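Here is how the chains run, residue by residue.
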Amino acid sequence: MGFADQRFNVNLSILFTELPLLERPAAAAAAGFTAVELWWPWIDSPTPEQSELDALKAAIEDAGVRLTGLNFYAGQLPGPDRGALSIPGAESDRFRANIDVAADFAASLGCTALNALYGNRVEGVDPAEQDRLALENLVLAARAADRIGAILLIEALNAPESPRYPLVSAPAAIAVVDKVNEATGLGNAKFLMDLYHLSMNGEDLPQVIDAYAAKTGHVQIADNPGRGAPGTGSLPLEELLDRLGKTGYDGWIGLEYKPGDAPSAQSFSWLPAEARAAR
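First things first, this report covers the structure right here in the doc.

### Side note on helix α3 (residues 90–108)
- Counted at 1.5 Å a residue, the expected span for α3 with its 19 residues is 27 Å, and the 27 Å between its end C-alpha atoms agrees.
- Along α3, the largest kink reaches about 35° and is centred on asparagine 98.
- For α3, the set of buried residues is Glu91, Ser92, Phe95, Asn98, Ile99, Ala102, Ala103, Phe105 and Ala106.
- Packed against the buried residues of α3 are α2 (50–63), β3 (66–71), β4 (113–115) and α4 (127–147).

### Quick notes on the pairing of strand β8 (residues 252–255)
- Of the two faces of β8, the one holding Trp252 and Gly254 and the one holding Ile253 and Leu255 are both buried throughout.
- Here strand β1 (residues 7–11) pairs with β8 via four bridges, running parallel. Of the residues in β8, the one forming a bridge with valine 10 is leucine 255.
- Both strand β7 (residues 216–221) and β8 contribute to a ladder of three bridges, which runs parallel. Looking at β8, one finds that valine 219 is bridged to isoleucine 253.

### Things to note about the side chain of glutamate 203
- Relative to the elements of secondary structure, glutamate 203 occurs in the loop between α6 (195–200) and α7 (205–212).
- Excluding its chain neighbours within four sequence positions, the residues that come into contact with glutamate 203 are Val168, Ser169, Ala170, Pro171, Leu198 and Val208.

### Considering the sheet that holds β8
- Strand order in the closed barrel made by the eight strands is β1-β2-β3-β4-β5-β6-β7-β8, with parallel pairing throughout. Sheet twist, expressed as the average angle between the axes of neighbouring strands with direction ignored, equals 30°.
- Note: β3 against β4, two bridges, orientation parallel. By the bridge assignment, leucine 70 is partnered in β4 with leucine 114.
- Along the sheet, helix α5 (residues 170–184) contacts β5 (151–155) and β6 (189–194); its crossing angle with β6, the most-contacted strand, is approximately 165°.

### Details of the environment of valine 125
- Within the secondary structure, valine 125 is located in the loop between β4 and α4.
- The exposure class of valine 125 is partly exposed, given its relative accessible area of 22%.
- Put simply, valine 125 and proline 88 are 37 residues apart on the chain and 8.6 Å apart in space, counted from C-alpha to C-alpha.
- In this structure, valine 125 is in contact with Pro88 and Gln130, ignoring residues within four places of it in sequence.

### Focus: the packing of α7 against helix α8 (residues 237–246)
- Closest axis-to-axis distance for the α7/α8 pair is 9 Å, and the angle between their directions is 20°. What the angle tells us is that α7 and α8 run roughly parallel. Remark: the crossing between α7 and α8 carries right-handed chirality. Between α7 and α8, the contacting residues are Leu205, Pro206, Ile209 and Asp210 on the first element and Leu240, Arg243 and Leu244 on the second.

### A word on the environment of aspartate 178
- Mapped onto the elements, aspartate 178 comes out in helix α5.
- Looking at aspartate 178, the relative accessible area reads 32%, which means it is partly exposed.
- Between the C-alpha atom of aspartate 178 and that of lysine 190, which follows or precedes it by twelve residues, the distance is 8.5 Å.

### Remarks on the pattern of salt bridges
- The final tally for this structure, using the stated rule, is nine salt bridges.
- Glutamate 61 serves as the salt-bridge partner of lysine 57, at 2.8 Å between the closest nitrogen and oxygen. Pair noted here: lysine 57 and glutamate 61 are both in helix α2, with a separation of four residues, about one helical turn.
- Under the relative-accessibility criterion, lysine 57 is labelled partly exposed at 22%.
- For glutamate 61, a relative accessible area of 43% puts it in the partly exposed group.
- Of the charged contacts in the structure, one is a salt bridge between lysine 215 and aspartate 178, with a shortest N-O distance of 3.0 Å. Of the two residues, lysine 215 sits in the loop between α7 and β7 while aspartate 178 sits in helix α5, which places them 37 residues apart along the sequence.
- In this structure lysine 215 comes out as partly exposed when scored by relative accessible area, which is 35%.
- If you follow the salt bridges from partner to partner, you end up with Asp100, Asp104 and Arg147 in one network.

### What about the packing of α3 against α4?
- Taken N-terminus to C-terminus, the directions of α3 and α4 make an angle of 10°; their axes are 9 Å apart at the nearest point. Taken as axis vectors, α3 and α4 run roughly parallel relative to one another. Two secondary-structure elements touch here, α3 through Ser92, Phe95, Arg96, Ile99, Asp100, Ala103 and Asp104 and α4 through Leu133, Glu136, Asn137, Leu140, Ala141, Ala144 and Arg147.
- Within the contact of α3 with α4, the residues separate by chemical class into seven nonpolar, two polar and five charged.

Quick notes on the rules
Residues numbered from 1 in each chain as written. Predicted model: local features only at pLDDT ≥ 70, side-chain atom pairs only at ≥ 80, totals over all residues. Heavy atoms only, no water. Helix = DSSP H or I, 4+ residues; strand = E, 2+ residues; numbered from the N terminus. Expected span 1.5 Å × (residues − 1). Bend = angle between axes of the 7 residues up to and from the residue. Buried < 20%, exposed > 50% of the residue type's maximum accessible area, 1.4 Å probe, protein only. Contact = heavy atoms within 4.5 Å. Pairing = 2+ DSSP bridges. Axes fitted to C-alpha atoms, helices over the stretch in contact; angles between N-to-C directions. Parallel < 35°, antiparallel > 145°, perpendicular 65-115°, else oblique. Left-handed = near helix turned anticlockwise from the far one by under 90°. Salt bridge = Lys/Arg side-chain N within 4 Å of Asp/Glu carboxyl O. Nonpolar A, V, L, I, M, F, W, Y, C, P; charged D, E, K, R; others polar.

In structure tokens form, the structure reads like this:
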């Protein structure tokens, strides 16, 4: 086994960002990839003009790539925010306004995975209140995802880079996954296993894989330290993905790493060209 046996997609919100958004799908295709994923691209608007949605849809379709993952509105990302759904007031309202917009856009491209970032703790707000609001919003998101035949992803981030984000371990994210599934009865909430974030938290990655692969709906990778391409750090990513495959996981592996100073197209030398097209 090895990298050549995986199904990779390219995250166009961290790779190819030297290009305008609408040029990135074609750039990923030119690099040999056939699948992409995105954070919510309109960081200032949960409800962009239909013409903007249509332009991005056309860019993805014209490039001949498949959209396999999309974030719901998450505030300023990249930036100080880590989601909106647990933040009372305007940000929660923005998340709710975005739910059907994001789901309908995903459905228009056959995308069946929607990621909902939990949001930071807010000073002066009871964490229990934030968690109640989060569950309400995640239930709404899970139902919208189910409407289009998609899964809802819950992601753990890492404490050093996201100190106010409450889900900074695999068990913490899994607990939310279980609560959402219990509340909806749909069973479509899944864990987003980001091996970079979990390694930054010092978690035992083989143990996490063995314990939670069955509840995992998507995987993302970057090396550590540095959040660069595989081979730039010390994580045994090839071995970890092989272990994941042996558990039965056969889903997408999102490339969510920083390309470094060179153009993004030069950051894929670790992956043979013939292994980039999804099978």
